[in-house]
Amino acid sequence: MALRNIIKHGDPALRKNSRKVTSFNERLSMLLDDMKETMDHFDGVGLAAPQISILRCVAIVEFEGEFIEMINPEIIESSGDALALEGCLSILAKHCLVSRPETIKYTYQTRNGEQITNTASGWLARIICHEIDHLSGILMIDKEQKPTQ
Ligand code: CO
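Fair warning: this is a prediction, and the values are worked out from it, not measured in the lab.

Asker: Any details on the sheet that holds strand S2 (residues 58–63)? Residues and values, ideally.
Answerer: The five strands are arranged S1-S2-S3-S6-S7 in an open sheet whose pairing can be described as antiparallel. Of all the strands in the sheet, just strand S1 (46–48) and strand S7 (115–121) have a single pairing partner and so form its edges. Neighbour to neighbour, the strand axes of the sheet diverge by 40 degrees on average, direction disregarded. When S1 meets S2, the two strands line up antiparallel, connected through three bridges. When the bridges of S2 are listed, Leu47 appears paired with Ile60. Here helix H1 (residues 26–41) sits on the sheet in contact with S1, S2 and strand S3 (66–79), set at roughly 40 degrees to S2. Strand contacts of helix H2 (residues 122–134): S1, S2, S3, strand S6 (103–109) and S7, with the helix running at about 95 degrees to S3, the strand carrying the most contacts.

Rules and cut-offs
Residues numbered from 1 in each chain as written. Predicted model: local features only at pLDDT ≥ 70, side-chain atom pairs only at ≥ 80, totals over all residues. Heavy atoms only, no water. Pairing = 2+ DSSP bridges. Helix = DSSP H or I, 4+ residues; strand = E, 2+ residues; numbered from the N terminus. Axes fitted to C-alpha atoms, helices over the stretch in contact; angles between N-to-C directions. Contact = heavy atoms within 4.5 Å.

Written out as structure tokens, the structure reads:
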């Protein structure tokens, strides 16, 4: 495994669309292992491949003991609305108040290519939405809301 460099806001790679993964091979497994090591090292709860300059639809999430590797993830249903502060390993200097769905139904493939559909709510849903946004070049600052008076 190897620690990867996390690029920061301002790097054009963070604004690009990632391409779908079609080969579930050893290279993908190495990417996932490196992403896990990198996320743990920087004490994050999520990391998307574009953040390490790899424009592929791959993201990982770790929250309260639940670790999810998502290949080609998509939100297929969402409901509710929750406002909270979130952070990003590519924008360390700030936190943004962002509205996210309270509950999501999402689908992704595992590192072996198996298709999974699952639901998440609360913080886990927030982190998954944040990471999936990265795959379309969307950052939390794009969705920042000003606190209501
Ligand atoms: Co982020």
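Following the structure, the description resumes.
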